[in-house]
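Here is how the chains run, residue by residue.
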Amino acid sequence: MNAEPICGVWVDRTGKVWVSRRTEQSGRAEACEDMRWFAWLGGPAPTEFAEKTESHELAGEGVFTHIVEADSWETLDRLAKSVRGSQSVDVVKPRESQFLLRQRSRVFAEVKFSELKRCQLDIETASTGDAFSNADQPDDRVLAIGLRFGDRDRTLVLAEMTDEAEKVLLEQLNVVIAEEDPDTIEGHNVFKFDLDFLKRRAKRLKVACRWGRFGQNASFRSSRLKVAERWIDFPRCDLPGRTVVDTFLLVQLYDVSTRELSAFGLKDVAVHFGITSAEGSERTYIPGNRIHQAYVEDRANFLKYLADDLRETKGIADRLLPTYFEQVKTFPLTLQEATLRGTTGKIDLLFLEHYFHARQATPVPPMVSPFEGGFSKSFQEGVFRHVLHFDVASLYPSLLMHIDRNPVNDVLGVFIPMLKELREYRLKYKQLVRTAPTAEERAEADARQSSFKILINSFYGYLGFSGARFGDGELAAEVTRKGRELLQALIAELGDQGATILEADTDGIYLSSEEYFKKPEDLLALAAKVLPPGIELEYDGRYTAMFCYKAKNYALYDGEKITLKGSALRSRGIEPYLRRLSDSLISHLLGAGGESPTDLVLHYREVIENHTAPIHELAKTESLNQNPETYERLIAGGGKPRRATGEVALKMDPRPRMGDRVSYYIQPGGKGQTSNWQRARPIAVFDKTNAPYDPKYYLKKLEDWAKRYGGFLESEKLTPPDEQGSLF
């Protein structure tokens, strides 16, 4: 077996496995490798397949008691289809994962992130009038394709506004990708916009999208990604032997746990991560409806704008991609699958790898009954000083190892040993973060320990997920019960030491203690006595002030930065003017300075009433939870409820897709128009005279905000004007 690391793998329709391996000179060499395909069955394989397959009975009990193997994927696929309905069948997909699982291989094994051959891609497009670019419009052409390889930019620019010139541009893209041979192609919203736009223009001009390795074209299909409780539809693009990385999706996955981002656009995220300063003085900005004009009249500025897009895309990928890059060294799956696949499916692959090579029968996912979650409670309301945060290190994984019991279906006893091994790996890399001699090695170690942390913490969630093959709801329930008991014991002990408990959630406790504020390690030592062996309490930071609003909704100030937690204080769905008011209030309460919330209320009252409020400060932005066509069919059939986002999406051209964010405002209602969905309009149609906003609607929201938060301002009373003539 070739020992050089795999940097790309693809299985063609016939079942041939094509791999791209690193060469000694850090190049890439392509080859075709043998593979014997397999599937699990609930009984012996049908006799008509005996000549072309081998069937083996597996050890132990389980639903899948046999494994069948074949040299041809076509044979295995026909067999699997023939037995469906008569016996259970299970095939590892995608086929690239089956290849890696069987070979016990990993993509990018022994390859550093800095050795990854990366390409960032961004395109600029023409548009008709002020409308958004539409690839189906003949003159909405690709104006330029920006490509960054490391610190080199290769920018392809449309020579003239003709079909012939655009065809040449698209053919140049094929040539450059083949020459540079990147492992990854990265972009922000690259699935929904850049690659989809290029595909549609290429189809129109009869140019092959030859962006893959092994001389292969790109393939496209509709796909969905679940982010927390919502689904995002997108046109997935697969490049044989390469990885497409969409940072637009990665930032949304990142924000599930952090809840730090107020928007997911490239410019917003770049500022959030410090890739571009908030002032943006180092960045070229061109409004979307002026890009075509800049291409014609100010080419230098146009190219600077494109280069800045590439720089920001790379910066975001630098921040988010390493965790997934390290995951593929653990799981038998491609890097693209790592970015788009849920944790349960990844952990299942590890189990299946063990069971396949042990020739052991495998189960189906068990039924998991609902069970009580972690302990969560808000103990105080208001502003508190001298705040400390403690949390139990990897609480649920630690409890699992303390209980030391494998899931009921795991007859090989894989779960706990695997968890312990991963924990040891993480501790090793955490140590290297502090001790590795170079910055590059420390960064790589940090990415690895972060990846292992995510994976380790996912093991508990796997147990309680109904689709997990080796899930165990009873074990998961026992873990959460012990977790609740442990956290409550810690709360009692910390309270006995004179601390004021502010907030507790699952594995963490916020408290106020002037006595221990500068010596948290002393309080830590006192509380540690209630912990069982193997469970560690860690000091996780101190804060000058904390604003406790309600359970799981609070704000922290460390003297430099404010961190918000919870949707009540930081909801992407609220109007920007209300978000600005909330930010100013929190900053004021925490002593972080900034504009006066009282003055800001007065300001908005005046500009809203005078019809001079900027529409982008009033417009609400929400994610579509279904495609416009689905919504249209629903309401045509008398379905309810009708939604503002759905109504607005039907008025937009081109129509957005599920998961897209739609901005709209509320205009004054005509006769019988009392509901928001009847009065919602896309922000693009706003006109101060002919399509204005409804000031009464936005003033009512302003006064509701003042009523809700006014109690936290002590001497400053935000009394509605109808009760007090003026604000004060």
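Residues numbered from 1 in each chain as written. Predicted model: local features only at pLDDT ≥ 70, side-chain atom pairs only at ≥ 80, totals over all residues. Heavy atoms only, no water.

Participant: Before we go on, may I ask you to explain the overall build of the chain in this structure?
Facilitator: Within the chain one finds 23 helices and 24 strands. For the chain, the C-alpha radius of gyration of 29 Å lies close to 27 Å, the compact-globule estimate for 728 residues. On the principal axes, the C-alpha backbone points of the chain span a range of 90 × 75 × 60 Å. The buried share of the chain, taken over its 728 residues, is 52%. A separation threshold of at least 6 residues defines the contact pool for the chain, and within that pool the share at least 24 residues apart is 66%. As displayed, the chain offers around 32800 Å² of accessible surface, 47% of which is attributable to carbon and sulfur atoms. Positive and negative charge centroids in the chain, built from 99 and 108 side chains respectively, lie 3 Å apart. (Helix = DSSP H or I, 4+ residues; strand = E, 2+ residues; numbered from the N terminus. Rg over C-alpha atoms; globule rule 2.2 N^0.38 Å. Buried < 20%, exposed > 50% of the residue type's maximum accessible area, 1.4 Å probe, protein only. Contact = heavy atoms within 4.5 Å. Areas by Shrake-Rupley, 256 points an atom, 1.4 Å probe, with all protein chains shown as cover. Lys, Arg positive; Asp, Glu negative; His and termini not counted. Charge placed at Lys NZ, Arg CZ, Asp CG, Glu CD.)

Participant: What should I look at first to understand the packing of helix H5 (residues 247-258) against helix H8 (residues 299-327) in this one?
Facilitator: The angle between the axes and the distance between the axes are what describe a pair of packed helices. Running from N to C, H5 and H8 point in directions that differ by 60°, and their axes come no closer than 10 Å. With respect to their mutual orientation, H5 and H8 come out oblique. Crossing hand, H5 versus H8: left-handed. Residues Thr247, Leu250, Val251, Leu253 and Tyr254 of H5 form the contact with H8, whose own contacting residues are Thr313, Ile316, Ala317, Arg319, Leu320 and Tyr324. Residue classes in the contact of H5 with H8 are distributed as eight nonpolar, two polar and one charged. (Axes fitted to C-alpha atoms, helices over the stretch in contact; angles between N-to-C directions. Parallel < 35°, antiparallel > 145°, perpendicular 65-115°, else oblique. Left-handed = near helix turned anticlockwise from the far one by under 90°. Nonpolar A, V, L, I, M, F, W, Y, C, P; charged D, E, K, R; others polar.)

Participant: Whenever I open this one, the sheet that holds strand S2 (residues 17-22) confuses me. Can you help?
Facilitator: Strand pairing within a sheet occurs via backbone hydrogen bonds; the two strands may be parallel or antiparallel. The strand order across the open sheet formed by three strands is S1-S2-S3, and the pairing between neighbours is antiparallel. Each edge of the sheet is formed by a strand with only one pairing partner; in this case those strands are strand S1 (6-11) and strand S3 (28-33). Taking the axes of each pair of neighbouring strands and ignoring which way they run, one obtains an average angle of 20° across the sheet. Packing of helix H2 (residues 95-103) onto the sheet brings it into contact with S1, S2 and S3, and relative to S1 it is tilted by some 125°. (Pairing = 2+ DSSP bridges.)

Participant: Help me out: how do you make sense of the pattern of salt bridges in this one?
Facilitator: Two side chains carrying opposite charge are able to pair once their charged atoms lie near each other. Counted under the stated rule, the structure contains 55 salt bridges. Across the salt bridge formed by Arg405 and Glu478, the nearest N and O atoms sit 2.8 Å from each other. Within this pair, whereas Arg405 is found in the loop between helix H11 (395-403) and helix H12 (415-435), its partner Glu478 is found in helix H14 (residues 473-496), the two being separated by 73 residues in sequence. Each of Asp139, Arg141, Asp163, Glu166, Arg201 and Arg204 takes part in salt bridges that share partners, so that together they form one network. (Salt bridge = Lys/Arg side-chain N within 4 Å of Asp/Glu carboxyl O.)

Participant: What is the right way to look at the pairing of strand S6 (residues 66-70) in this model?
Facilitator: Looking along a regular strand, one sees the side chains alternate between the two faces of the sheet. Burial runs high along S6: five of the five residues are buried. By the alternation rule, side chains of S6 split into His66, Val68 and Ala70 and Ile67 and Glu69, which are all buried. Both strand S5 (residues 53-57) and S6 contribute to a ladder of five bridges, which runs antiparallel. Bridge assignment links Ser55 to a residue of S6, and that residue is Val68.

Participant: Looking at this structure, I do not really get the packing of helix H16 (residues 576-590) against helix H22 (residues 695-709). What am I missing?
Facilitator: Running from N to C, H16 and H22 point in directions that differ by 20°, and their axes come no closer than 11 Å. Here H16 is positioned roughly parallel relative to H22, judged by the angle of their axes. In the crossing of H16 with H22, the sense of the turn from one axis to the other is right-handed. Packed against H16, whose contacting residues are Tyr577, Leu578, Leu581, Ser582 and Leu585, the element H22 presents Tyr698, Lys701, Leu702, Trp705 and Tyr709 at the interface. Partitioned by chemical class, the residues of the contact of H16 with H22 number eight nonpolar, one polar and one charged.

Participant: Teacher, can you tell me more about the sheet that holds strand S14 (residues 243-246) here?
Facilitator: Taken together, the five strands give an open sheet; going across it, the order is S10-S9-S8-S11-S14, and neighbouring strands pair in mixed fashion. Every interior strand has two partners, whereas the edge strands, strand S10 (152-157) and S14, have only one. When the angles between neighbouring strand axes are averaged without regard to direction, this sheet yields 25°. Of the pairings in the sheet, the one linking strand S9 (residues 142-149) to S10 comprises six bridges and is antiparallel in character. When the sheet's bridge partners are listed, Arg148 is paired in S10 with Asp153. Sitting on the sheet, helix H3 (residues 163-180) is in contact with strand S8 (118-125), S9, S10 and strand S11 (184-187), with an inclination near 160° to S10. Sitting on the sheet, H5 is in contact with S11 and S14, with an inclination near 55° to S14.

Participant: Help me out: how do you make sense of the packing of aromatic side chains in this one?
Facilitator: For any pair of aromatic rings, the description rests on two quantities: the centre-to-centre distance and the angle between the ring planes. Here the structure, examined in full by the defined rule, presents 33 aromatic pairs. Three or more aromatic residues joined by ring pairs make a cluster, and in this case those are Tyr577, Tyr604, Tyr665, Phe686, Tyr693, Tyr697 and Tyr698. Positioned over the ring face of Trp231 is Arg224, at 4.8 Å from the centre of the ring. One residue, Arg359, lies across the ring of Phe356, its end atom 4.9 Å from the ring centre. (Phe/Tyr/Trp six-rings, centres within 6.5 Å; stacked < 30°, edge-to-face > 60°. Lys NZ or Arg CZ within 6 Å of the ring centre and 35° of its normal.)

Participant: What's the story with the side chain of Arg201 in this structure? I'm lost.
Facilitator: Here Arg201 shows up in helix H4 (residues 190-205). You can call Arg201 buried: its relative accessible area is 0%. A distance of 2.9 Å separates the side chain of Arg201 from the backbone oxygen of Pro138, its partner in a polar contact. The contact partners of Arg201, leaving out residues within four places of it in the chain, are Ala135, Gln137, Pro138, Asp140, Arg141, Val142, Glu166 and Leu170. (Polar contact = N/O pair within 3.5 Å; in protein donor to acceptor, adjacent residues only side chain to side chain.)

Participant: Just to check I follow, could you spell out unusual backbone geometry for this structure?
Facilitator: Glycine aside, residues mostly have negative phi angles, and peptide bonds mostly take the trans form. Cis rather than trans, the peptide bond between Lys93 and Pro94 has omega equal to 0°. The phi angle at Glu110 is positive, at roughly 65°, despite the residue not being glycine. With respect to the secondary-structure elements, Glu110 resides in the loop between H2 and S8. For Glu110, a relative accessible area of 66% puts it in the exposed group. Phi at Asp404 takes a positive value of approximately 60°, unusual for a residue other than glycine. Relative to the elements of secondary structure, Asp404 occurs in the loop between H11 and H12. Given the relative accessible area of 45%, Asp404 is considered partly exposed.

Participant: I tried to follow the nonpolar core on my own but got confused; where do I start?
Facilitator: In a soluble, globular protein the nonpolar side chains are often hidden away together inside. Counting residues in each nonpolar core, the largest one holds 158 residues, and the members touching the most others are Leu121, Ile145, Leu198 and Trp211. Leu198 has contacts with Leu121, Ile123, Val142, Ile145, Leu170, Leu173 and Trp211, leaving out every residue within four places of it along the chain. Counting residues in each nonpolar core, the second largest holds 41 residues, with Leu590, Val648, Tyr665 and Phe712 among its members. (Core = buried A, V, L, I, M, F, W, Y, C linked by side-chain atoms within 4.5 Å.)

Participant: Would you take a moment to explain helix H15 (residues 520-527) for this structure?
Facilitator: Turn by turn, an α-helix covers 3.6 residues, leaving residues three or four places apart pointing in a common direction. Those residues of H15 that fall on the buried side of the exposure criterion are Pro520, Leu523 and Ala527. Seen end-on, H15 carries its buried residues on one side only, within an arc spanning 60°. The inward-facing, buried residues of H15 contact strand S16 (382-392), H14, strand S18 (508-512) and strand S19 (537-550). (Arc of directions from axis to C-beta.)

Participant: How should the environment of Glu180 be read in this particular structure?
Facilitator: Take Glu180: it is sitting in helix H3. When the C-alpha positions of Glu180 and Arg13 are compared, they lie 26 Å apart, and in sequence the two are 167 residues distant. Side chain to side chain, Glu180 and Arg154 meet in a polar contact 3.0 Å long.

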